[in-house]
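Next come the chains, spelled out residue by residue.
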Amino acid sequence: MSALLEAPRDTARPTPSRRRSRTRPGLGVVVVVLSLLLAAALALHAFVPEVFGVALLFESALPWFGLLVPVLLVIGLFSRSKGAIGAALVPALVWGVMFVPGIVPLSWSAPAPSSNTLTVASQNIEADSGTAAASATALAATGAQVIALQEMDSDARDEAAGVLDAAYPYSYGIGTVGVWSSYPIENAQALDLGLGWQRGLAADLATPAGLVSIYVVHAASARPDDHAARDEMLANLSDYVPRDENERLFMVGDFNAGSDDRNLAGLTDQLSEANQTDGGFGFTWPAASPATRLDHLLQRGMEVTSNRTMTAGGSDHLAIITTLNL
């Protein structure tokens, strides 16, 4: 019997080439540094120096810095660095804590309208737009009991009055501001805000539920290199709040300050501003492509049941429409 000899076989199999995932450490470091800087800038924006208008511009654009977060996340993923991805989540968390509570729709938690409500419509009508009558018509169509207008010259005031006087028997105006009301206006007076010209008024509205203080505001313009007059006006305005004797009070108009502007804090620390009914930031300026909220209704002693913006006339500001339970 012959022996069968088998040649030894090579059992080693060729190993398929595998692409190893390579991190890009340089890119990851850049993402980490930028992410931490963005998180710090958001959280510590109140410490940004007020030189050359940096703070004004920065705080006006603050919500928009959230757009940088997905960019950092994408770059972090491209770097294949877990540290970079984790770092990019830090500003996302900071932004969320700062802004998400304020953009949740009011409709999710708004109280039901009571038997006594007050709807307030307000707009900077941009006097040289020539559309004061159109703005007044649109605002009256909302059913508001109170209409507050700002940036009126004599022609714009006459145009608005021609539309509103018949339906709103009570009115008061001074300087660039005016108010028309379905309810009696008592104790109306110009506000002394130390600026040398009239851009604010105060009055009591005699509603069926009692007196409600109203302040209509047209703050001085704010530019990166010139906002001292506006800052002074807002500071003086905040001094009126603790001295007002009425439990229910609201200030409405063009404050020329974004919601995160440090110079508005003296008012927002004492008064509240409701979320938008359908959510979002409620930006009001410029009307064609709103990028910041300069127009506000700040209040105490009442519950807001709805709050929204709308286009009215040809102004560069959107109007704000707010309904409150008295």
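Definitions and cut-offs
Residues numbered from 1 in each chain as written. Predicted model: local features only at pLDDT ≥ 70, side-chain atom pairs only at ≥ 80, totals over all residues. Heavy atoms only, no water. Pairing = 2+ DSSP bridges. Helix = DSSP H or I, 4+ residues; strand = E, 2+ residues; numbered from the N terminus. Axes fitted to C-alpha atoms, helices over the stretch in contact; angles between N-to-C directions. Contact = heavy atoms within 4.5 Å. Buried < 20%, exposed > 50% of the residue type's maximum accessible area, 1.4 Å probe, protein only. Polar contact = N/O pair within 3.5 Å; in protein donor to acceptor, adjacent residues only side chain to side chain. Left-handed = near helix turned anticlockwise from the far one by under 90°. Nonpolar A, V, L, I, M, F, W, Y, C, P; charged D, E, K, R; others polar. Parallel < 35°, antiparallel > 145°, perpendicular 65-115°, else oblique. pLDDT = per-residue confidence, 0-100.

Caption draft 1: Structural context of the sheet that holds strand E4 (residues 177-181). With respect to topology, six strands assemble into an open sheet ordered E3-E4-E2-E1-E11-E10, the strand pairing being mixed. One side of each edge strand has no neighbouring strand; the edge strands of this open sheet are strand E3 (170-174) and strand E10 (303-310). Taking each pair of neighbouring strands and ignoring which way they run, the sheet shows an average axis angle of 15°. Where strand E1 (residues 117-124) meets strand E11 (residues 319-325), six bridges bridge the pair, whose relative direction is antiparallel. Residue pairing in the sheet places Leu118 in a bridge with Leu324 of E11. The sheet contacts of helix H6 (residues 154-164) involve strand E2 (146-150), E3 and E4, and relative to E4 the element is tilted by about 5°.

Caption draft 2: Focus on the side chain of Arg230. Locating Arg230 in the fold gives a position in helix H7 (residues 228-243). A relative accessible area of 1% means that Arg230 is categorised as buried. Separated by 2.7 Å, the side chains of Arg230 and Asp231 make a polar contact. In contact with Arg230, other than residues within four places in its own chain, are Leu56, Ala219, Ala220, Ser221, Ala222, Phe255, Asn256, Ala257, Asp261 and Asn263.

Caption draft 3: Just the packing of helix H5 (residues 132-140) against H6, in detail. Contact geometry of H5 with H6 gives a least axis separation of 8 Å together with a crossing angle of 35°. The chirality of how H5 crosses H6 is right-handed. Each of Ala132, Ala133, Ala136, Thr137 and Ala140 in H5 lies in contact with H6, whose residues at this interface are Ala156, Glu159, Ala160, Val163 and Leu164. In terms of residue class, the contact of H5 with H6 is built from eight nonpolar, one polar and one charged.

Caption draft 4: Focus on the pairing of E4. The element E4 is extensively covered by neighbouring structure, given that five of its five residues are classed as buried. The alternating pattern of E4 places Val177, Val179 and Ser181 on one face and Gly178 and Trp180 on the opposite face, and all of these are buried. Note: E2 against E4, four bridges, orientation antiparallel. Pairing of Val146 across the sheet is with Ser181, part of E4. Where E3 and E4 come together, five bridges link them in antiparallel fashion. By the bridge assignment for E4, Tyr172 is matched with Val179.

Caption draft 5: Broad picture of the sheet that holds strand E5 (residues 185-190). On the basis of which strands lie adjacent, the open sheet formed by five strands has the order E5-E6-E7-E8-E9 and mixed pairing. In the strand order of this sheet, the two ends are held by E5 and strand E9 (295-300), each with one partner. When the angles between neighbouring strand axes are averaged without regard to direction, this sheet yields 15°. Looking at chain direction, strand E8 (residues 249-254) and E9 are connected through six bridges and run antiparallel. Of the residues in E9, the one forming a bridge with Leu249 is Arg300. Its contacts with the sheet place H7 against strand E7 (210-218), E8 and E9, and it is angled at close to 175° to E7.

Caption draft 6: Layout of the packing of helix H3 (residues 68-79) against helix H4 (residues 82-103). Following both chains from N to C, one finds H3 and H4 inclined at 170°, their axes separated by 8 Å at the closest point. Classified by the angle their axes make, H3 and H4 are roughly antiparallel. Of the residues in H4, those in contact with Val69, Leu72, Leu73, Gly76, Leu77 and Ser79 of H3 are Ala84, Ile85, Ala88, Leu89, Pro91 and Ala92. For the contact of H3 with H4, the per-class residue count stands at ten nonpolar, two polar and no charged.

Caption draft 7: Spotlight on unusual backbone geometry. Residue Pro286 is bonded to the preceding Trp285 through a cis peptide linkage, with omega at -10°. A positive phi angle, close to 50°, is found at Glu126, a residue other than glycine. Residue placement: Glu126 occurs in the loop between E1 and H5. In this structure Glu126 comes out as buried when scored by relative accessible area, which is 18%. The backbone of Glu151 shows a phi angle near 60°, a positive value even though the residue is not glycine. Turning to its location among the elements, Glu151 is positioned in the loop between E2 and H6. The class for Glu151 is partly exposed, based on a relative accessible area of 27%.

Caption draft 8: Quick look at the environment of Val97. Among the secondary structure elements, Val97 is positioned in helix H4. By relative accessible area, Val97 is classed as exposed at 61%. In sequence terms Val97 and Ala43 are 54 residues apart; their C-alpha atoms lie 9.6 Å from each other.

Caption draft 9: Molecular detail of the confidence of the model for the chain. Looking at the chain, pLDDT values average 92 and 92% of them are 70 or higher. Throughout residues 1-5 the model reports pLDDT below 50, and contacts reaching past four residues in sequence, or to other chains, amount to zero contacts.

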